[in-house]
Amino acid sequence: MKRKVVLSLRGTQTYEGQEPDVIELVTEGTMEFRDGGWDISYEESELTGLAGVTTTFRVEPGCVILERTGNLRSRMVFRKDVPHDSLYQMSFGTLMITVCAKYLFFDLVPDGGVIDLLYSIAIENNAAGTVDYHLDIRAK
């Protein structure tokens, strides 16, 4: 059964030669346990620069999948120290993205929980930097 939740997301993107870019977002979303894992979804906004995109974190034992649909399409699979290649499809073109989780933690129960994810990212086989997500989920 889908449950309404409040999501507090803090994302820090650190790229070579640039100051870290920090996004903090509090939004409503949904949380559902199905097929042995959790789905946490929310609609992106102008604040994140991804209006028209739905983001879903799929949490399974030992794995987090970050999927975006809508104006941007991507599916990134995170397992600690295992690289994953995926396409990042935008309206103006597609990029090859390689991600590798350096830290992966989650603790989810029906009333909410937390997801922490730190990963390196390469764009078109060129190391680009790191992304650090902290997602706090609370039942509404």
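See the structure printed just above.
Residues numbered from 1 in each chain as written. Predicted model: local features only at pLDDT ≥ 70, side-chain atom pairs only at ≥ 80, totals over all residues. Heavy atoms only, no water.

Asks: What's the story with the side chain of Thr56 in this structure? I'm lost.
Replies: Secondary-structure assignment places Thr56 in strand 4 (residues 53-60). At 2.7 Å, the side chain of Thr56 and the side chain of Ser41 are in polar contact. (Helix = DSSP H or I, 4+ residues; strand = E, 2+ residues; numbered from the N terminus. Polar contact = N/O pair within 3.5 Å; in protein donor to acceptor, adjacent residues only side chain to side chain.)

Asks: Even after reading the chapter, I still don't get the environment of Asp111, so can you show me in this structure?
Replies: Among the secondary structure elements, Asp111 is positioned in the loop between strand 8 (93-109) and strand 9 (112-123). A relative accessible area of 48% means that Asp111 is categorised as partly exposed. With near-sequence residues (within four places) excluded, Asp111 lies in contact with Arg3, Ile137, Arg138 and Ala139. (Buried < 20%, exposed > 50% of the residue type's maximum accessible area, 1.4 Å probe, protein only. Contact = heavy atoms within 4.5 Å.)

Asks: Sorry, what's going on with the sheet that holds strand 4 here?
Replies: Strand pairs in the sheet, formed through backbone hydrogen bonds, run parallel or antiparallel to each other. On the basis of which strands lie adjacent, the closed barrel formed by ten strands has the order 1-2-3-4-5-6-7-8-9-10 and antiparallel pairing. Averaged over all neighbouring strand pairs, the angle between strand axes comes to 25 degrees, with direction disregarded. Sheet topology note: the strand 8/strand 9 ladder contains twelve bridges and is antiparallel. Looking across to strand 9, one finds that Thr98 is bridged to Ala122. (Pairing = 2+ DSSP bridges. Axes fitted to C-alpha atoms, helices over the stretch in contact; angles between N-to-C directions.)

Asks: So what exactly am I meant to see when it comes to unusual backbone geometry here?
Replies: With glycine set apart, most residues show a phi of negative sign, and most peptide bonds adopt trans. Positive phi, normally seen in glycine, also occurs at Asp35, with a value near 50 degrees. The residue Asp35 is located in the loop between strand 2 (21-34) and strand 3 (37-43) in this model. Look at Asp35 and you get exposed, because its relative accessible area is 68%. Even without glycine at this site, Asn125 takes up a positive phi of about 70 degrees. Structurally, the position occupied by Asn125 is in the loop between strand 9 and strand 10 (126-139). Asn125 gets classed as exposed once you look at its relative accessible area, which sits at 67%.

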